[in-house]
Amino acid sequence: MAYKRIATEEAFATADQFRLFRRLLDEGFDDPGFQSLWGFYLISEAERPKKIREQLLDLDARRIADMNATGIDVQILSLTSPGVNPLDADAARALSVSANDEVAAAIARHPTRFAGLAAFAPQDPAHAAKELERAVNRLGLKGAIFNGHVRDEYLDDPKFWAIFEACEALDVPIYLHPTGPSRGLIQPMLERGLDGAIFGFGVDTALHALRLIVAGVFDRFPKLKLVLGHLGEALPFWLFRLDYMHRAGLAAKRYDSIKPLKRTISDYMRENVYVTTSGMAWAPAIQFCQQVLGVDRVLYAMDYPYQFVAEEVTAQDALAISPEDKRKFFQGNAERLFKLG
Ligand code: CA
């Protein structure tokens, strides 16, 4: 092979995480997105959710066999959505630490096959910053994973910005992974079964990323690197209109909340954001993203185990791009962004 296949958005769970999620479900935790997602995946005895539970918990032979069967050389592991976000602060702090220890141990057992991103407790940004430093500097993790809103709060609120400050100082990327849409967004989606990965995840995550941009997170932290899955959650397709309407809204002083930015929205998308192909093994969309963001900013991801399809790997092997660009796509961009090897 002319390149290694490094898959960059690959999920795992811990037994502690499942136990805590189960407790939230038993207590009737009032979050329709969480109930929709984990009320299905953790409880259902249908074949798909049962298999996914087993795959999420395995960080050894079974996972590596699945990687071998689909030609994946390396998985970059991240704690499955919504990570620690729905928990109270005490449980979130404890689970972030134990999950980071568990993934670091798995990487130590299989150092050529796994790398990992660090969980953190956004409920306690000071603890999160310290845990990210521990996870990167002592455990060797390669970035941070954050799983969307935190009980309906988005991370553009400056009270969370110590997390971005830590990622910028550590020079590691932060991966914004979807979760079920927040309470204010989800109801019309639930009514038609559109709240999950089919659509709602992308809407909530694109909104979250845009909120970070227009709130000025990247003006405050200009070297911060944000990773979006699912080909940027459709944001690359919106860039022209986002720039036009942001400029128009500013000129008209339509909203107090729209502030001037140092760069355009598309500049931040091209200069601070990387996108991965998780769940989007579709050549026209991949090549569109390469065209508008640059070939250095589009990375391969599978989205194991939720979308574990061998034909999707071969479809991306067959992308009509140069051998050099294909090597960047599957290997080089990930090695550079996550400082692998
Ligand atoms: Ca995923």
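As shown above, the structure is provided for reference.
On a predicted model such as this, the values are computed, not experimentally measured, just so you know. (Residues numbered from 1 in each chain as written. Predicted model: local features only at pLDDT ≥ 70, side-chain atom pairs only at ≥ 80, totals over all residues. Heavy atoms only, no water.)

Moving on, we come to the sheet that holds strand S4 (residues 144-146). An order of S4-S5-S6-S7-S8 is seen for the five strands of this open sheet, with the pairing classed as parallel. Strand pairing shows two members of the sheet lacking a second neighbour, S4 and strand S8 (298-299), which therefore form its edges. In this structure, S4 lies alongside strand S5 (residues 174-176), joined through three bridges in parallel fashion. Bridge pairing in S5 places Phe146 opposite Leu176. (Pairing = 2+ DSSP bridges. Helix = DSSP H or I, 4+ residues; strand = E, 2+ residues; numbered from the N terminus.)

Turning our attention to the environment of Leu141. By secondary structure assignment, the location of Leu141 is in the loop between helix H6 (125-137) and S4. A relative accessible area of 2% means that Leu141 is categorised as buried. For Leu141 and Tyr154, which are 13 residues apart along the polypeptide, the C-alpha to C-alpha distance reads 24 Å. Aside from chain neighbours lying at most four places away, what touches Leu141 is Asn100, Val103, Ile107, Gly116, Leu117, Ala118, Ala135 and Val136. (Buried < 20%, exposed > 50% of the residue type's maximum accessible area, 1.4 Å probe, protein only. Contact = heavy atoms within 4.5 Å.)

Before going further, it helps to spend a moment on the packing of helix H15 (residues 310-317) against helix H16 (residues 323-337). At their nearest, the axes of H15 and H16 sit 11 Å apart, and the two run at 145° to each other. Residues Val313, Gln316 and Asp317 of H15 pack against Lys326, Phe329 and Phe330 of H16. Split by residue class, the contact of H15 with H16 holds three nonpolar, one polar and two charged. (Axes fitted to C-alpha atoms, helices over the stretch in contact; angles between N-to-C directions. Nonpolar A, V, L, I, M, F, W, Y, C, P; charged D, E, K, R; others polar.)

In the structure shown here, the tally under the stated rule is 17 aromatic pairs. Relative to Trp38, the ring of Phe21 has its centre 5.4 Å away and its plane inclined at 55°; by these criteria the two rings are tilted. Taken together, the residues span a long stretch of sequence, with Phe21 in helix H1 (residues 15-26) and Trp38 in helix H2 (residues 32-41) at a distance of 17 residues. There is no split in this pair, since Phe21 and Trp38 are both buried. Between Phe329 and Phe330, the ring centres sit 4.9 Å apart and the planes meet at 80°, which makes this aromatic pair edge-to-face. (Phe/Tyr/Trp six-rings, centres within 6.5 Å; stacked < 30°, edge-to-face > 60°.)

Bear in mind that shape data such as this cannot, by itself, settle questions of function.
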